[in-house]
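# Observations on the three-dimensional arrangement
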Amino acid sequence: MDVKNLKEYLCWLYYQYLLITGIYVLEPWEQSIFNTVLFTMVAMVIYTSYVFVPIHVRLALEFFSGLCGGQPESTVALMN
Amino acid sequence: MTESSENKTANGEVCHRATNGIKPGRNGLVKNHYLYQQQQQQKCCHPDEKVHHVACNGGLYSRPFNESFEETPMLVAVLTYMGYGILTIFGYLRDFLRDWKIEKCHIAREREEQRDFVPLYQDFENFYTRNLYMRVRDSWNRPICSVPGAKVDLVERVSHDYNWTFDYTGKVVKDVINMGSYNYLGFAENTGVCADAAAEVTTKYGIGVSSTRQEMGNLDRHEELEKLVAKFLGVESAMAFGMGFATNSMNIPALTGKGCLILSDELNHASLVLGARLSGSTIRVFKHNNMQSLEKLLRDAIVHGQPRTHRPWKKILILVEGIYSMEGSIVRLPEVIALKKKYKAYLYLDEAHSIGALGPNGRGVVDYFGLDSRDVDIMMGTFTKSFGAAGGYIGGKKELIDYLRTHSHSAVYATSMSPPVVEQIITSMKCIMGEDGTTIGRDRVQQLAENTTYFRRKLQEMGFIIYGNDDSPVVPMMLYMPAKIGAFGREMLKRNIGVVVVGFPATPIIESRARFCISAAHTKEMLDTALSVISEVGDLLQLKYSRHRILPSLDRPFDETTYEESED
């Protein structure tokens, strides 16, 4: 039952997507071109963010911690 | 804007008063107890701040005048532009494919041997027709096969090549509720008094004499019709023409010419625009129903006279319509008449949609405001809508009509009206006037007013954006997005309701809309069915944009750039 509801909801969502982007009026092959292009772009954005965002976040964290803290993490290590 | 309303308050010609929270009076009832005296409330307003009127009623109005044009939500506007952008990109792709002969071109285009001539199919309108309109063409020009009354039968058609061609399946879609015909009083019938009278006249007179009124085409029915129209309008004299469009476009050139000034509302119908252009007069356009804009143009015209020579204008003619068919708004006639009298201009009132549909007696917008029809110099209207016939009329002073009879192109050259059509008008007009001894006409006018109020109120409650005056039987409902135009027409037809959807050339590009025309022939059940279906489709297509922030029509955004440069 839930699966059916979910499927209906997804259909409705896709219909709204068709209407808002305007591709509702296009022919099927044009729709698939649009979907492919959009899907590729979104996939590329996601992949790029997956690859590069963690690195940037780490670098940024290091930068800011160096800026604000400036203290070594542990003073115990120094004593040894 | 506020400045000029201040001026008006100061000289006492026109006054405004906001009426928050007062319900609009019904069309069929005259409510005179809403008379307001002039208030001094404008004095406190700073010239720069916006005054938020909900309605603009002064001593000139005998009833609340509620007109609303809700603002387009920002997100919707952005998405609409995005949709048009995507469709335009695909349009260019298809044009590219056609150009390189990868795809067959189905539509007229430049011929190879005419390549160096002036291009015929390259402007934006052609691009729009080819690449946007063609895709949703099935919602327009649907062939019908019955009388277009409250219900109509449609010929079923399918398209196998995405609306380039249509095949008829041979089936008929029965009993589609007709929300699209200008059948305001329900006189589009093939049975009943009018049809019988028309049939009788057909057997007696035939269907036409193929001659002009000035030669052999003048029949006693025509004379009777003109007398009746004059009586109906309350004017000295009237004349009838066989074509409503030509009534406007051929009579305005007879009335004005070079050295005359025409002040035209920006949303006037194409026939008025054509007539004004043909006349060769100078045309200046004022903002839709905006009296400040009109007064400014009038004052400038009188102060400065004609350009370069500065001679006074020979005539100044104000062109307005009773009900604007795309916006559903009603002209602010009391204010227009006040201005016209103040500045000694002439007034041409096109009552194409309002005659029969407005006023307690169905006598148009003059009756609706309880004014004297003698204050309007030229009363024009059509028989096409409320009377279920064809043609148009012009009413006014006897001198005016006598002049037009000899000078108007459509009076001199056009074939006279067909007698059965004339008879249909006579019978339906007598019915509205109550001269047939029944109250059918009155009841219909009353019914139309009730239907209009009911339908508009319900749509507003559902959360749709509805344009126009509360008493106007033309109900435009905003759709905005290009795909929703086609989807709305199709989904409504699937549920057995025929609607008119309107897109770009007739409206601004982002303000696509569906237009419902209420008829007296619609029963409460039909309206309820239609409303529930509209609500259902509205949910499906997410059309309930309204955020219930009703903007007053006075504060509708308009840019000042089109004003004349002089500022006093």
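Note that the structure is predicted; figures quoted are calculated from it, not measured.

### Some remarks on the interface of chain B and chain A
Listed per partner, the contact involves 23 residues of chain B and 18 residues of chain A. Counting every contact that joins chain B to chain A gives 3 salt bridges. The partner of Glu30 of chain A in a salt bridge is Arg94 of chain B, and the shortest N-O contact between them spans 2.9 Å. Inspection of the chain B/chain A interface yields 5 residue pairs in polar contact (both at pLDDT 80 or more). By residue number, the principal contributor to the side of chain B that touches chain A is helix α2 (residues 74–99) of chain B, which donates 9 residues. Across the side of chain B that touches chain A, the residue classes tally to 14 nonpolar, 3 polar and 6 charged.

### Observations regarding the packing of aromatic side chains
All names here are of chain B. Under the counting rule described, the total for this entry stands at 22 aromatic pairs over all chains. Pairing Phe65 with Phe369 gives two aromatic rings, centres 5.8 Å apart and planes at 35°, and the pair type is tilted. Of this pair, Phe65 sits in the loop between α1 (2–11) and β1 (67–68) while Phe369 sits in the loop between α10 (364–368) and β9 (378–382); the two residues are 304 residues apart in sequence, bridging distant segments of the chain. Under the relative-accessibility criterion, Phe65 is labelled buried at 1%. Owing to a relative accessible area of 2%, Phe369 belongs among the buried residues under this scheme. On the numbers, 4.8 Å between centres and 35° between planes, the contact of Tyr92 with Phe127 is tilted. Placement of Tyr92 in helix α2 and of Phe127 in helix α3 (residues 124–133) is noted, with a sequence separation of 35 residues between them. Relative accessible area serves as the criterion here: at 54%, Tyr92 is assigned to the exposed category. Members of the aromatic cluster, each reached through a chain of ring pairs, are Tyr92, Phe124, Phe127, Tyr128 and Phe504. The ring centre of Phe166 lies 4.0 Å from the NZ or CZ of Arg157, which sits over that ring. Between the NZ or CZ atom of Arg444 and the centre of the ring of Phe187, over which it lies, the distance is 4.5 Å.

### Details of the side chain of Arg94 of chain B
Here Arg94 of chain B is to be found in helix α2. Engagement of the side chain of Arg94 of chain B in a polar contact is seen with the side chain of Glu103 of chain B, the distance being 2.3 Å. If sequence neighbours within four positions are ignored, Arg94 of chain B has contacts with Glu27, Trp29 and Glu30 of chain A together with Glu103, Asn131 and Arg135 of chain B.

### Here we look at the UniProt feature "transmembrane region" (unreviewed entry) in chain B
Mapped onto this numbering, the UniProt entry gives "transmembrane region" (unreviewed entry) at residues 74–93 of chain B. Across residues 74–93 of chain B, helical content stands at 100% and strand content at 0%; the span's end C-alpha atoms are separated by 29 Å.

### Things to note about the sheet that holds strand β13 (residues 497–498) of chain B
Residues and elements named next belong to chain B. Judged by pairing direction, the sheet is mixed, and its 3 strands sit side by side in the order β2-β3-β13 without closing on themselves. On the outer flanks of this sheet lie β2 (151–158) and β13, each paired with one strand and no other. Two strands pair when backbone bridges link them, and strand β3 (residues 167–178) and β13 are joined in this way by 2 bridges, in the parallel orientation. Note that in β13 the partner of Ile177 across the bridge is Ile497.

### As for the pattern of salt bridges
Residues and elements named next belong to chain B. Under the definition given, this model contains 34 salt bridges over all chains. Put simply, Asp95 and Arg98 hold a salt bridge, and the shortest N to O gap is 2.9 Å. Residue Asp95 and its partner Arg98 are both found in helix α2; the two are separated by 3 residues, about one turn of the helix. Residue Asp95 is classed as buried on the basis of its relative accessible area, which comes to 18%.

### Describing the nonpolar core
Residues and elements named next belong to chain B. Judged by nonpolar contacts, the single largest core of 123 residues is most densely connected at Met179, Ile318, Phe383, Phe455, Phe488 and Phe516. Element by element, the count of residues in this core is highest for helix α16 (residues 524–541), at 8 residues. Lining this core are residues from two domains, each supplying at least three of them: domain 2 (89–178 + 439–568) and domain 3 (193–433). Contact partners of Phe455, with chain neighbours within four places excluded, come to Met179, Val475, Phe516, Ile518, Leu527, Leu531 and Ile534. By size, the runner-up hydrophobic cluster in this structure holds 18 residues, among which are Ile252, Leu317, Tyr348 and Met380.

### Here's the deal with the sheet that holds β9 of chain B
Residue and element names in this part refer to chain B. With respect to topology, 7 strands assemble into an open sheet ordered β4-β10-β9-β8-β7-β5-β6, the strand pairing being mixed. The sheet is open, and its two borders are formed by β4 (237–241) and β6 (282–286), each paired with just one other strand. Averaged over all pairs of adjacent strands, the angle between their axes in this sheet comes to 20°, without regard to strand direction. The pairing of strand β8 (residues 346–350) with β9 spans 3 bridges and is parallel. Note that in β9 the partner of Asp350 across the bridge is Met380. Docked against the sheet, helix α8 (residues 291–304) engages β5 (261–265), β6 and β7 (316–321), running at close to 150° with respect to β6.

### Focus: the UniProt feature "transmembrane region" (unreviewed entry) in chain A
All names here are of chain A. Mapped onto this numbering, the UniProt entry gives "transmembrane region" (unreviewed entry) at residues 9–26 and 32–53. Helix makes up 72% of residues 9–26 and strand 0%, with an end-to-end C-alpha separation of 23 Å. In residues 32–53, helix accounts for 100% and strand for 0%; the two terminal C-alpha atoms are 30 Å from one another.

### Details of unusual backbone geometry
Residue and element names in this part refer to chain B. Phi is positive for Lys101, which is not a glycine, with a value near 60°. In this fold, Lys101 is placed in the loop between α2 and α3. One non-glycine residue, Tyr480, adopts positive backbone phi at about 65°. Look at Tyr480 and you get buried, because its relative accessible area is 0%.

Rules behind the numbers
Residues numbered from 1 in each chain as written. Chains lettered and ligands numbered in written order. Predicted model: local features only at pLDDT ≥ 70, side-chain atom pairs only at ≥ 80, totals over all residues. Heavy atoms only, no water. Contact = heavy atoms within 4.5 Å. Salt bridge = Lys/Arg side-chain N within 4 Å of Asp/Glu carboxyl O. Polar contact = N/O pair within 3.5 Å; in protein donor to acceptor, adjacent residues only side chain to side chain. Helix = DSSP H or I, 4+ residues; strand = E, 2+ residues; numbered from the N terminus. Nonpolar A, V, L, I, M, F, W, Y, C, P; charged D, E, K, R; others polar. Phe/Tyr/Trp six-rings, centres within 6.5 Å; stacked < 30°, edge-to-face > 60°. Buried < 20%, exposed > 50% of the residue type's maximum accessible area, 1.4 Å probe, protein only. Lys NZ or Arg CZ within 6 Å of the ring centre and 35° of its normal. UniProt positions renumbered as here; feature names shortened; annotations may be inferred. Pairing = 2+ DSSP bridges. Core = buried A, V, L, I, M, F, W, Y, C linked by side-chain atoms within 4.5 Å. Domains from an automatic or database assignment. Axes fitted to C-alpha atoms, helices over the stretch in contact; angles between N-to-C directions.

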